[in-house]
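Fold and geometry: a report
Residue strings, one per chain:
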Amino acid sequence: MNKRNGVAKLNRRAAHRNAMMRNMATSLFEHERIITTHAKARALRSYSEKLITRARHLHANSADAGKVLHHKRELLKHVRNQDILKKLVEDIAPRFKDRAGGYLRIIHLPERQSDSSMMSIVELVDRREKAPRVRPARERKPDNKGGDRPSSGGGADRSPRSAEDKKREGKWYDRFRRKKKDVDYE
């Protein structure tokens with residue numbers, strides 16, 4: 001019988017589970033949205049909502065220096081990165097000052113291909129959308145298929161590939177290698 005089980009064990013020992021929750025909460029506050037398994041998402045939601053509530057108490061008790069210091073130290077136990085703690089206290093907590101609870105939402109995703117785990121997105125309800133990065137349009141170089149470069153037939157103008165390049169062809173790291181440019185020295 002499951003009676004009053006307050007912590008999802010997640011098949012981890014307590015130290016590992018606590019470290020994982022700290023890391024996931026820190027990533028959540030940094031990016032305001034993370035993708036994880038559904039079981040971890042449910043455990044993270046209660047963990048993170050308590051931290052947001054604690055950060056809200058910082059603003060409510062801003063007149064009492066002793067309470068502010070206490071709440072900061074309690075938050076530092078869980079969020080070890082100073083920059084992210086500052087973001088939590090100064091940016092995230094004020095967004096939820098009028099909200100009674102329910103700061104996070106869990107969105108279900110399709111199962112993971114490798115092991116069929118149920119996946120979820122955990123995000124802040126009032127998440128700020130990042131503006132899409134606009135990149136300037138680059139001029140495309142003309143394709144050499146049009147014949148603007150003289151060729152002596154087939155692929156004769158290309159430099160021959162070395163045996164090592166032939167051996168590496170089709171490997172997983174080929175997509176990360178830089179392509180050699182064909183240069184005519186005439």
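Higher on the page you've got the structure.
The present account deals with the structure reproduced in this document. Every value quoted in this text rests on a predicted model; they were computed, and no experiment measured them.

Observations concerning the pattern of salt bridges
On inspection of all chains with the given rule, the structure shows 8 salt bridges. The closest approach of N and O atoms between Arg33 and Glu123, which form a salt bridge, is 2.8 Å. With Arg33 in strand E1 (residues 33-37) and Glu123 in strand E3 (residues 119-124), this residue pair connects regions lying 90 residues apart in the sequence. Since its relative accessible area comes to 36%, Arg33 is described here as partly exposed. Assessed through its relative accessible area of 5%, Glu123 is described here as buried. Across the pair Asp115 and Arg112 runs a salt bridge, and its minimum N-O distance is 3.0 Å. A relative accessible area of 34% places Arg112 in the partly exposed class.

Quick notes on the packing of helix H1 (residues 14-31) against helix H2 (residues 38-60)
Taken N-terminus to C-terminus, the directions of H1 and H2 make an angle of 70 degrees; their axes are 10 Å apart at the nearest point. Judged by the inter-axis angle, H1 sits roughly perpendicular to H2. Considering how the two elements wind past one another, H1 and H2 form a crossing that is right-handed. Here Met20, Met21, Arg22, Met24, Ala25, Leu28 and Phe29 of H1 lie close against H2, whose contacting residues are Lys40, Ala43, Leu44, Tyr47, Ser48, Leu51 and Ile52.

Some words on the side chain of Thr26
Within the element layout of this structure, Thr26 appears in helix H1. Judged by relative accessible area, Thr26 falls into the buried class, the value being 14%. Apart from the residues lying within four places of it in its own chain, the contact partners of Thr26 are His78, Val79, Asn81 and Ile84.

What counts and how
- Residues numbered from 1 in each chain as written.
- Predicted model: local features only at pLDDT ≥ 70, side-chain atom pairs only at ≥ 80, totals over all residues.
- Heavy atoms only, no water.
- Salt bridge = Lys/Arg side-chain N within 4 Å of Asp/Glu carboxyl O.
- Helix = DSSP H or I, 4+ residues; strand = E, 2+ residues; numbered from the N terminus.
- Buried < 20%, exposed > 50% of the residue type's maximum accessible area, 1.4 Å probe, protein only.
- Axes fitted to C-alpha atoms, helices over the stretch in contact; angles between N-to-C directions.
- Parallel < 35°, antiparallel > 145°, perpendicular 65-115°, else oblique.
- Left-handed = near helix turned anticlockwise from the far one by under 90°.
- Contact = heavy atoms within 4.5 Å.

So far we have only geometry, and geometry alone does not tell us how the molecule works.
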